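# Chain and residue survey
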Amino acid sequence: MVRQVGPSNAKWQVRAAGDFTMTSQRKSELDVVIKRLNANDPRMADLSMAWTAMGDWGIEALSDVIKVNTVLTTLDLYQNDIGPMGASALARALRKNYTLSVVNMDLNNIGDEGCLEIIETLGRHNTSLTKLSLANNHVNHITLASLNQLLERN
């Protein structure tokens, strides 16, 4: 299995090839990322966690440090099996984070329930998030339209 953990062209990446299940190795790699985010490492402004199979557990752990991080501006969570619980955790983090402006959550499974949590946060607490991609997340077009209105306002 080819693995890359570290900076690549100014973007911090955790990448996997082959098996896409959350293994103990991936959990320890997530711990490294969490420690760097918690320390506000300036190299962590642009973070890709795509295809790491973190699921709700991983995004909940990541969200705890996103709350206090002041460096992260771009986060890629493409295809990580994140569901409504994970989207809710991210929404709680966005209530306290004012630096994150771009999030890619394409190909997860947050559904309308998870999207509505994020919409509530954007409507009441967060004005820094300007782009949130939710393609193929089982979110209906009416909910997405509401989300897009809030993102345009930000």
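Below is a short write-up of the structure. Bear in mind that the values here come from a model prediction, so they are computed numbers and not experimental data.

### Some details on the packing of helix α4 (residues 111-124) against helix α5 (residues 141-153)
Two measures define how a pair of helices packs: the angle their axes make with one another and the distance between the axes. Contact geometry of α4 with α5 gives a least axis separation of 10 Å together with a crossing angle of 25°. Classed by the angle they form, the pair α4 and α5 counts as roughly parallel. Crossing of α4 over α5 shows left-handed handedness. For the pair α4 and α5, the contacting residues are D112, C115, L116, I118, I119, L122 and G123 in the first and T143, S146, L147, L150, L151 and R153 in the second. Classifying every residue of the contact of α4 with α5 gives 8 nonpolar, 3 polar and 2 charged.

### Side note on the packing of aromatic side chains
Scanning the model with the defined rule gives 1 aromatic pair in all. Measuring from centroid to centroid gives 5.7 Å for W51 and Y78, while their planes differ by 45°, and the two rings are tilted. Remark: Y78 occurs in the loop between β4 (74-76) and α3 (84-94) and W51 occurs in the loop between β3 (46-48) and α2 (55-66); sequence separation between them is 27 residues. On the basis of relative accessibility, which here comes to 30%, the residue W51 falls in the partly exposed class. You can call Y78 partly exposed: its relative accessible area is 25%.

### Structural notes on α5
Taking 1.5 Å of rise per residue, 13 residues should cover 18 Å, and α5 covers 18 Å from first to last C-alpha, within 8% of that figure. Its buried side turned inward, α5 meets α4 and β6 (131-133). Looking at where α5 begins, the residue whose side-chain oxygen comes 2.8 Å from the main-chain nitrogen of I142 is N140.

### Observations concerning the packing of α3 against α4
Across the interface, α3 lies against α4 with an axial gap of 8 Å and an inter-helix angle of 5°. Considered as vectors, α3 and α4 are oriented roughly parallel to each other. Here P84, A87, S88, A91 and L94 of α3 come into contact with α4, specifically with E113, G114, E117, I118 and T121. Considered class by class, the residues forming the contact of α3 with α4 number 5 nonpolar, 3 polar and 2 charged.

### A look at the nonpolar core
Counting residues in each nonpolar core, the largest one holds 36 residues, and the members touching the most others are L62, L75 and L77. It is α3 that provides the largest number of residues to this core, a total of 5 residues. Excluding anything up to four places from it in sequence, L77 contacts M49, M54, I59, L62, I82, V103, N104, M105, D106 and N108.

So, how was this worked out
- Along every chain, residues carry numbers that run from 1 in the direction the sequence is written.
- Only residues with pLDDT of at least 70 are given local features in this predicted model, and only at 80 or more are side-chain atom pairs given and counted; all residues enter the totals for whole chains, interfaces and linings.
- Side-chain numbers here rest on the full set of heavy atoms in the structure, without hydrogens or water.
- Axes here refer to lines fitted to C-alpha atoms; in helices the fit is confined to the stretch in contact. Angles between the N-to-C directions go from 0 to 180 degrees.
- Numbering of helices and strands starts at the N terminus; helices are DSSP runs of H or I of at least 4 residues and strands are runs of E of at least 2.
- If an angle is under 35 degrees, it is roughly parallel; if it is over 145, roughly antiparallel; if it lies from 65 to 115, roughly perpendicular; otherwise it is oblique.
- Whether a crossing is left-handed or right-handed is set by the direction in which the near helix is turned from the far one by less than a right angle, anticlockwise for left-handed and clockwise for right-handed.
- Contacts: residue pairs with any heavy atoms within 4.5 Å of one another.
- Gly counts as polar in this scheme, as do all residues outside two lists: the nonpolar Ala, Val, Leu, Ile, Met, Phe, Trp, Tyr, Cys and Pro, and the charged Asp, Glu, Lys and Arg.
- What counts as a ring pair is set by centres within 6.5 Å for rings of Phe, Tyr and Trp (its six-membered ring), and what kind of pair is set by the plane angle: stacked under 30 degrees, edge-to-face over 60, tilted for all other angles.
- When accessible area is computed with a 1.4 Å probe and restricted to protein chains, residues below 20% of their type maximum are described as buried, those above 50% as exposed, and intermediate ones as partly exposed.
- Any helix carries an expected span of 1.5 Å times its number of residues minus one.
- Whenever two N or O atoms come within 3.5 Å, that pair is a polar contact, provided that in protein one can donate a hydrogen and the other can accept it, and provided that, for residues adjacent in sequence, both atoms are side-chain atoms.
- Among buried residues, the Ala, Val, Leu, Ile, Met, Phe, Trp, Tyr and Cys ones that are joined through side-chain atoms within 4.5 Å form a nonpolar core.

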